[in-house]
Amino acid sequence: MTFRQFAFNNVKRNTRVYLAYFLSSVFTIMVFFSFAVNLFHPVIASRRGGAIELILGQTEVAILVFSVLFVFISVNAFLKVRSKEFGILLILGMSPKQLRRLVFLENMLIGCVAIIVGITIGLVFSKLFLMLLSSLLSYGSLSFYFPVKAILLTAGVFILIFLGISAITPRIIRTNSIITLLKGVKKANREIKFSIIQSLAALLLLGSGYFMALSPKLYDLNPFLDRVVLFIERLPYTEVILTTFVVIGTYLFFSQLSILVLHRLKENKKFYLKKTNMLWVSDLIYRIRDNTRMLFLVTVLSAVAFTAITGVYALSSVVKDESLKDNPFALTFTSYSSNAHEEEQIKIIEEMLDSHGFKYEKYKSEVIKQTAKDNQPIHIIKQSDYNNRAAALGLEQEVLDKDQALMVPVYVRFDPKRDKTLSQKNIALDNGEINLEVAGVAPKVIFYSGLFRNLVVVSDETYEKIKNIQEKYHSYSYDIPDWLNTLEVTEKLREELGVGEPGRYYWSTRIEGYILENQNKKIFLYVGFFLGAIFFLGAGSFLYFRLYTDLNQEKDKYIGLAKIGLSFQEMKRVAGIQIAVLFFVPYILASIHTYFAIAVLQTVLYSSVLKQFFVVIGAFLMLNIIYYFSVRSRYLNYLKGFTVR
Amino acid sequence: MEILKLKHISKIYGERVQHSALQDINLTIEKGEFVGIMGPSGSGKTTLLNVISTIDPPTSGEVLLNGENPYKLESSQLALFRRRKLGFVFQDFNLIDTLTIGENIVLPLTLDGHQVSTMDKKLQEVAQRLNIENILTKRTYEISGGQAQRTAIARAIIHSPLLLLADEPTGNLDSKAAKDVMVLFEKINRETGVTTVMVTHDPKSASYCHRVIFIKDGRFYNEIHRGDSRRKFYQQILDVLSLLGGEADDLSAIRL
Ligand SMILES: Nc1ncnc2c1ncn2[C@@H]1O[C@H](COP(=O)(O)OP(=O)(O)O)[C@@H](O)[C@H]1O
Ligand SMILES: [Mg+2]
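Here goes a summary of the coordinates provided. (Residues numbered from 1 in each chain as written. Chains lettered and ligands numbered in written order. Predicted model: local features only at pLDDT ≥ 70, side-chain atom pairs only at ≥ 80, totals over all residues. Heavy atoms only, no water.)

## A closer look at the overall build of chain B
- The helix and strand inventory of chain B stands at nine helices and nine strands.
- Taking all 256 residues of chain B together, 54% fall into the buried category.
- Across chain B, every contact between residues at least 6 apart in sequence was considered, and the portion connecting residues at least 24 apart equals 69%.
- Element-wise, carbon and sulfur atoms account for 47% of the exposed surface of chain B, whose accessible area totals about 11600 Å². (Helix = DSSP H or I, 4+ residues; strand = E, 2+ residues; numbered from the N terminus. Buried < 20%, exposed > 50% of the residue type's maximum accessible area, 1.4 Å probe, protein only. Contact = heavy atoms within 4.5 Å. Areas by Shrake-Rupley, 256 points an atom, 1.4 Å probe, with all protein chains shown as cover.)

## Brief notes about the packing of aromatic side chains
- Counted by the stated rule, this structure contains 25 aromatic pairs over all chains.
- Where Phe253 of chain A meets Phe254 of chain A, the ring centres are 5.1 Å apart and the plane angle is 90°; that geometry is what we call edge-to-face. Comparing Phe253 of chain A with Phe254 of chain A, the two get one shared label, buried.
- Where Phe306 of chain A meets Tyr587 of chain A, the ring centres are 5.7 Å apart and the plane angle is 70°; that geometry is what we call edge-to-face. Of this pair, Phe306 of chain A sits in helix α14 (residues 292-317) while Tyr587 of chain A sits in helix α21 (residues 568-605), placing them 281 residues apart in sequence. Comparing Phe306 of chain A with Tyr587 of chain A, the two get one shared label, buried.
- What links up through ring pairs into an aromatic cluster is the set Tyr210, Tyr595, Phe596, Phe613 and Phe614 of chain A.
- We note Arg494 of chain A situated over the ring of Trp507 of chain A; from NZ or CZ to the ring centre the distance is 3.8 Å.
- The ring centre of Tyr208 of chain B lies 4.1 Å from the NZ or CZ of Arg230 of chain B, which sits over that ring. (Phe/Tyr/Trp six-rings, centres within 6.5 Å; stacked < 30°, edge-to-face > 60°. Lys NZ or Arg CZ within 6 Å of the ring centre and 35° of its normal.)

## Overview of the pairing of strand β5 (residues 86-89) of chain B
All names here are of chain B.
- Every second residue of β5 is oriented toward a common face, with Leu86 and Phe88 on one face and Gly87 and Val89 on the other, all of them buried.
- Relative to strand β6 (residues 163-167), β5 is paired through four bridges, and the arrangement is parallel. Among the inter-strand pairings, Val89 is bridged to a residue of β6, identified as Ala166. (Pairing = 2+ DSSP bridges.)

## A closer look at a nonpolar patch on the surface
All names here are of chain A.
- On the surface, a cluster of nonpolar side chains totalling about 450 Å² of accessible area is made up of Ile121, Val124, Phe125, Leu128 and Met131.
- Turning to its location among the elements, Leu128 is positioned in helix α6 (residues 96-137).
- Overall, Leu128 belongs to the partly exposed group, its relative accessible area being 49%. (Patch = residues over 30% accessible without salt bridge, like charges linked within 9 Å, V, L, I, M, F, W, Y side chains within 5 Å. Salt bridge = Lys/Arg side-chain N within 4 Å of Asp/Glu carboxyl O.)

## Some words on the side chain of Lys11 of chain B
All names here are of chain B.
- As for its position among the elements, Lys11 is in strand β1 (residues 2-13).
- At 3.0 Å, the side chain of Lys11 and the side chain of Asp56 are in polar contact.
- Residues within four places of Lys11 in sequence aside, it is in contact with His19, Ser20, Ala21, Leu22, Thr47, Asp56, Pro57, Pro58 and Thr59. (Polar contact = N/O pair within 3.5 Å; in protein donor to acceptor, adjacent residues only side chain to side chain.)

## Focus on helix α5 (residues 83-91) of chain A
Residues and elements named next belong to chain A.
- Counted residue by residue, α5 has eight buried out of nine residues, so it is predominantly covered.
- Buried residues of α5: Ser83, Glu85, Phe86, Gly87, Ile88, Leu89, Leu90 and Ile91, and no others.
- Where α5 terminates, the next one or two residues include Gly93, which has phi positive at roughly 100°.

## Side note on the side chain of Ser302 of chain A
- Within the element layout of this structure, Ser302 of chain A appears in helix α14.
- For Ser302 of chain A, a relative accessible area of 3% gives the class buried.

## Observations concerning the environment of Pro57 of chain B
- Following the sequence through the fold, Pro57 of chain B ends up in the loop between α1 (45-52) and β4 (60-65).
- A sequence separation of 47 residues divides Pro57 of chain B from Ser10 of chain B, and the C-alpha atoms of the two residues are 9.7 Å apart.

## Topic: the sheet that holds strand β7 (residues 195-199) of chain B
Residues and elements named next belong to chain B.
- The strand order β5-β6-β7-β3-β8-β9 describes an open sheet built from six strands, whose pairing is mixed. With one partner strand each, in any of the chains shown, β5 and β9 (219-225) form the two edges of the open sheet. The mean angle between the axes of side-by-side strands here comes to 20°, regardless of whether they run parallel or antiparallel.
- Running over the sheet, helix α2 (residues 75-85) touches β5 and β6 and is turned about 70° from β5. (Axes fitted to C-alpha atoms, helices over the stretch in contact; angles between N-to-C directions.)

Structure below.
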């Protein structure tokens, strides 16, 4: 047996230990690869620089970061299980260098096989992913292609990852303390300490993080609170601070607070000495301490997954609303005074609509542009034109005095507190010759988002008096009830009118915005679910991996307990409670984190996402329960083998 | 010739709460000797053996193996030293589960990069000596405790070490298997002349040694030499042990 044969045999025959590591590597590679197949698809690649490519590209990077982390943690757990084996080898005179070579060879062997298997499985699934993606994008069908680039990228990236990890991890093994290695992973007889101050810090950090997330909602409740809220708002990078607080708080939660709670349980003799409580409480203290980093990571990953999925889910369910708000009319054509073909163009549009059998209402408005003293453009529309549109949009009719003005928002997400143009008290027109008092703010966009910044409504009488006319636009808006079917017409019109001509005319339709938004949001949804699922599966695998790793140590303890008369039923209870804590505490904490992260999202989205939150959390609860029961039953089956002896 | 010399060895464990596991141990072992180390549980036997094994540096004092202090070597040098000069046998065998019995035995030669043909030759020799030729292709879970320990011994001597170290080699075996193993140790010591140091708390096993050293609470307590009769030696060992005052349990301790 040569050294290389030895390394090879070691991997080949030790499937039980290597399998978990191998499978998680295969899984990671498969996911990365499938995503790369999407990314390099000729159709998507041809739209280089587009939003889709960008989103998919960034997702691939996120998956990459996750992969490195995941493989690294897997390999660490894997090396830990084998510390005894390493101890034996070292005592037989293996040099630290040889040990590093062994681990390196093993890792490369597992890595190469995992890359081949991962890509092969990925090839099978990529067809499925491509189908999914193409139906989402309404690209017709993204045909299957042989993804040479994706294969090269995946193989290249993962060879690098495995090389890096194979080079780094062997250094983690503490080759100088053979005795510790020989004794196995850890001793259960050491005392577990915790700090009350750090436990309080955990509560404080989590609490203030949550408070910061909610703070925009807490405004206007009481004066003291308001000052706090304003203080938080003035902090730079609130989100970063908030996230840091919650992340550190989570870590302390597992490293200190949970231990403190278990200690309190231990001191409660009535509880502690009852039935099997003693067994699981004392054991859990060690479990949590040994797995602090893992529990922490699982919680953070789950929170990210839950938030991503809730976020994209919420975004996609508001997409129709949003494009309605962005484009209150199905089509709007705006012409400059220098456009000689205005009437012809309007005729083209209307004939096209007529010939396709669309019913429509036309709203024509005139808008004057001036430049105010501060060089800001001001757009002016007269009251009768405004009311005309207001009627179509179901807004109240306005009656303005000759020295009054009404501001109209230019974006859907307007915020009177923050958009300065909307909070002006007075408006000066014609270089101060006409002075108007702002009577209020219209509730909605009346053309489409982004058109006519700083738009002011004035009475018809005042409008006629305006002398300084830098530009006079004619804007035609069409309300088409059957707008969802106007894509074909729009495409035909684009052939005739193009997108517009600078300084002459331009036009915009709701359907195009809707489709674009819809597509982007579907991709978001796809990516979000993809990432969420991966992160969650990854988190679950970490837990599973750990339990698997711990089994070997547990074995001796349970054999001993079985000998002194612990029944299988009791063993089931003890193991069940422990696994439940490891599975559900991170889930619950992650859900709470998500709730507060969503609170931040909500202020951006301007609509309630609570429903989506509960749907997502509920779905994951189901998944988690399934995961829990399958892991528990495998674990118990394994233990059962020892009790009957 | 002195194979092993311990000079004023002390070992203190712990940082805040210090515990002295060995105190001022002096010991000289000549080439070819078969020495037993005995003492009550917790008296420091394993610690002493680990100090000799080059895997647990003493807090103070000097270890000389074949005239050189292994703790002064740098790590790759030390690995070479262990690989070529030392052989280990443990209570729980410490075989590698992924390897066959034969592969386990040749592992020290593999680590040292020997020719495959040399490995095969030596494997046959040593397997014959230990009477395990017919299990060489089996895996560790397919053999009995006695066979496992014989495998471990084969692994410990295949490279003809200078010093064979064993920590309770019979601790996990029934009395029949324990006897077989001790007979083998004696035979190997006699035939190959390998210096052997064995920790045990079984007086029967200890009676196969030439000399038994007793320690108590980390200190040297007594030392007795074997005369012509093993039976008489066994009785002497029992006498010292009863004076030593280890709990009765210790003498026949069976681990779970
Ligand atoms: N790694 C260690 N850390 C702290 N104390 C130890 C360690 N190893 C052994 N001891 C202590 O040293 C003493 C001697 O242990 P050991 O040599 O294993 O005894 P024996 O093998 O004779 O039963 C014991 O009291 C034990 O608790
Ligand atoms: Mg011992």
